[in-house]
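One-letter residues, chain by chain:
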Amino acid sequence: MSFSTISVIGLGYIGLPTAAAFASRQKTVVGIDINQHAVDTINRGAIHIVEPDLDKVVKTAVEAGFLRASTQPVEADAYLIAVPTPFQGDHEPDMAFVKSAAESIAPVLKKGALVILESTSPVGSTEQMAEWLAALRPDLSFPQQAGEAADINVAYCPERVLPGQVMVELIKNDRVIGGMTPVCSARASELYKIFLEGECVVTNSRTAEMCKLTENSFRDVNIAFANELSLICADQGINVWELIRLANRHPRVNILQPGPGVGGHCIAVDPWFIVAQNPAQARLIRTAREVNDGKPHWVNNQVKAAVADSLAESGGRASELKIACFGLAFKPNIDDLRESPAMEITRMIADWHSGETLVVEPNIHQLPKKLQENCQLVTLDAALQQADVLVMLVDHNEFKAVAADKVQQRWIVDTKGVWR
Ligand SMILES: NC(=O)C1=CN([C@@H]2O[C@H](COP(=O)(O)OP(=O)(O)OC[C@H]3O[C@@H](n4cnc5c(N)ncnc54)[C@H](O)[C@@H]3O)[C@@H](O)[C@H]2O)C=CC1
Ligand SMILES: CC(=O)N[C@@H]1[C@@H](OP(=O)(O)OP(=O)(O)OC[C@H]2O[C@@H](n3ccc(=O)[nH]c3=O)[C@H](O)[C@@H]2O)O[C@H](C(=O)O)[C@@H](O)[C@@H]1O
């Protein structure tokens with residue numbers, strides 16, 4: 001059965017680009033979201049999130065009548081679920097959004113439909129989702145009971161696009177396709193081939209779930225290695241950036257970059273899904289999370305030490321000393337402040353520092369609420385002129401463009417090796 005109507009459930013950073021990609025290939029796409037503002041914005045041909053080039057694709061698709069958004073699920077040939085999968089409590093996966101998305105489409109499911117879970121999920125989630133659907137639709141057969149002959153096909157197809165490059169990677173990346181049966185995989189591959197230039201690589205749903213978690217855990221563990229090195233080097237009086245540059249000259253060594261910690265809502269979250277399901281085995285993955293989560297506290301202590309040294313030297317008062325934090329985003333050259341270690345560090349500093357805390361973030365126009373009370377958003381030049389202690393948190397291009405010899409301050413805590 002071909003796909004005339006495709007419905008994407010959850011129109012955020014993943015769902016909206018995916019919906020727009022199908023619509024740009026002249027498929028009728030109905031995007032569903034519980035957020036009325038998102039739905040209204042999309043129906044106006046605009047977007048409610050920041051991602052390069054997404055606005056143009058959405059505008060064209062909406063104007064051409066291929067994409068519309070709604071809060072009400074509709075009958076479709078294929079459903080792609082891209083709702084949040086955060087953690088709760090002691091880093092346990094929270095599957096409530098996936099459950100309610102499944103419950104919302106169950107009444108409109110028709111024989112022959114394909115349901116794909118795209119949300120990053122613990123192993124076994126796709127089978128669980130199929131159970132939820134089956135319980136609500138006893139009139140239809142599902143792969144867990146009927147195998148290849150099922151009325152409904154179900155697959156897990158994780159997304160691996162890099163924020164900031166979504167519109168390119170969505171089309172070009174290879175895609176892991178984890179069907180609950182080979183027929184489910186074949187239909188899911190057929191669906192993605194509508195816009196995909198990368199390859200569809202077929203496996204089962206549990207392996208596909210683990211594959212997504214593995215990719216992000218691999219990166220987290222490798223960043224933790226770099227972050228651990230930065231702590232060791234600080235104690236040993238070694239420049240960690242030079243050290244990594246030298247070590248990476250080895251043909252089989254490729255160390256990532258240390259920083260203020262790991263941010264965003266994926267790499268700092270997904271490894272916990274492996275730990276939650278495999279607490280005894282996932283020792284390295286847990287430790288990597290702890291190393292990366294510990295880095296903001298270490299940076300905060302470095303800033304405290306720099307302030308103490310600066311005051312000891314100048315004999316000045318803490319309340320007269322200005323600290324400038326450079327960058328708030330969770331990584332360079334974006335405006336996304338969610339789960340950002342730079343934000344966390346700035347907030348910690350502003351909490352204990354009795355003098356002014358200046359913030360430079362070229363990608364925003366207003367400080368987030370949490371910082372409005374005791375921080376001040378200033379320009380790069382103003383911060384460089386006024387501050388006594390500099391804290392480099394994000395290697396935005398604007399900061400890298402400032403030559404190190406133009407930075408006069410003696411007290412610099414540089415988590416990205418930009419000026420030190
Ligand atoms: N953002 C990223 O870079 C990547 C995210 N992922 C994964 O994709 C999934 C979605 O992430 P994002 O798009 O970033 O989240 P998001 O928060 O940007 O968007 C999720 C959307 O789902 C909507 N929603 C929540 N419950 C709903 C329901 N029951 N029915 C309809 N809509 C509902 C929300 O209102 C929101 O608009 C997560 O599992 C995430 O881990 C995977 C790869 C990359
Ligand atoms: C394995 C992998 O590269 N996963 C990607 C990742 O996107 P995300 O933007 O979160 O990743 P990122 O660029 O590594 O940044 C994560 C965090 O790690 C930090 N970071 C990154 C690289 C590095 O050498 N050092 C470092 O400290 C960044 O500053 C940031 O705070 O997670 C995405 C996701 O799953 O949401 C995934 O789709 C992307 O492909």
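Quick caveat, the model's predicted, so the values are computed rather than measured. (Residues numbered from 1 in each chain as written. Chains lettered and ligands numbered in written order. Predicted model: local features only at pLDDT ≥ 70, side-chain atom pairs only at ≥ 80, totals over all residues.)

**Student:** For this particular structure, what's the right way to read the overall build of the chain?
**Tutor:** When you go through the chain residue by residue, the secondary structure sums to 16 helices and 15 strands. Relative to its length of 420 residues, the chain is compact, with a C-alpha radius of gyration of 24 Å against a globular reference of 22 Å. Dimensions along the principal axes, computed over C-alpha positions, put the chain at roughly 80 × 50 × 40 Å. Buried residues in the chain amount to 42% of all 420 residues. (Helix = DSSP H or I, 4+ residues; strand = E, 2+ residues; numbered from the N terminus. Rg over C-alpha atoms; globule rule 2.2 N^0.38 Å. Buried ≥ 20, exposed ≤ 12 C-beta atoms within 10 Å, placed from the backbone.)

**Student:** Is there a simple way to explain the sheet that holds strand β12 (residues 357-360) in this structure?
**Tutor:** As a general point, the strands of a sheet are linked pairwise by backbone hydrogen bonds and lie either parallel or antiparallel. Taken in spatial order, the five strands line up as β13-β12-β11-β14-β15 in an open sheet, and their pairing is parallel. The open sheet has two edge strands with one neighbour each: β13 (376-377) and β15 (411-414). For strand β11 (residues 323-326) and β12, the ladder comprises four bridges, and the chain directions are parallel. In the strand pairing of β12, phenylalanine 326 is matched with valine 360. Its contacts with the sheet put helix α12 (residues 283-314) on β11, β14 (389-392) and β15, and the angle it makes with β15 is roughly 170 degrees. Helix α13 (residues 341-352) contacts β11, β12 and β14 of the sheet and is inclined by roughly 160 degrees relative to β12. (Pairing = 2+ DSSP bridges. Contact = placed C-beta atoms within 7 Å. Axes fitted to C-alpha atoms, helices over the stretch in contact; angles between N-to-C directions.)

**Student:** Is there a simple way to think about the domain arrangement of the chain in this case?
**Tutor:** Accessible area lost upon the coming together of the parts is a frequently used measure of interface size. Under the domain assignment used here, the chain contains domain 1 (5-198) and domain 2 (238-414). With centres defined by C-alpha atoms, the gap from domain 1 to domain 2 works out at 35 Å. Across the side of domain 1 that touches domain 2, the residue classes tally to seven nonpolar, three polar and one charged. (Domains from an automatic or database assignment. Nonpolar A, V, L, I, M, F, W, Y, C, P; charged D, E, K, R; others polar.)

**Student:** Explain the site of ligand 2 here, please?
**Tutor:** As a matter of local geometry, ligand 2 sits amid 19 residues, with Leu256, Gly259, Gly263, Gly264 and Cys266 nearest to it. In terms of residue class, the shell around ligand 2 is built from nine nonpolar, six polar and four charged. Formed jointly, the shell around ligand 2 draws a minimum of three residues from each of two domains, domain 1 (5-198) and domain 2 (238-414). (Near = placed C-beta within 6 Å.)

**Student:** Would you mind showing me how to read the site of ligand 1 here?
**Tutor:** Residues in contact with ligand 1 amount to 26 residues; listed here are only the nearest, Gly10, Gly12, Tyr13, Ile14 and Ser119. Ranked by residues supplied to the shell around ligand 1, first place goes to helix α4 (residues 96-105) with four residues. Partitioned by chemical class, the residues of the shell around ligand 1 number 15 nonpolar, nine polar and two charged.

**Student:** Even after reading the chapter, I still don't get the sheet that holds strand β7 (residues 114-117), so can you show me in this structure?
**Tutor:** Spatial strand order, β3-β2-β1-β4-β7-β8-β9-β10: eight strands in an open sheet with mixed pairing. A single partner strand is all that each edge strand has here, and the edge strands are β3 (67-70) and β10 (200-204). Pairwise comparison of adjacent strand axes, ignoring direction, gives a mean angle of 25 degrees for this sheet. Inspection of the sheet shows strand β4 (residues 78-81) paired to β7 by four bridges, in the parallel sense. Across the sheet, leucine 80 pairs through a bridge with isoleucine 116, a residue of β7. Relative to β7, helix α5 (residues 125-136) is tilted by about 135 degrees, and along the sheet it contacts β7, β8 (153-156) and β9 (175-179).

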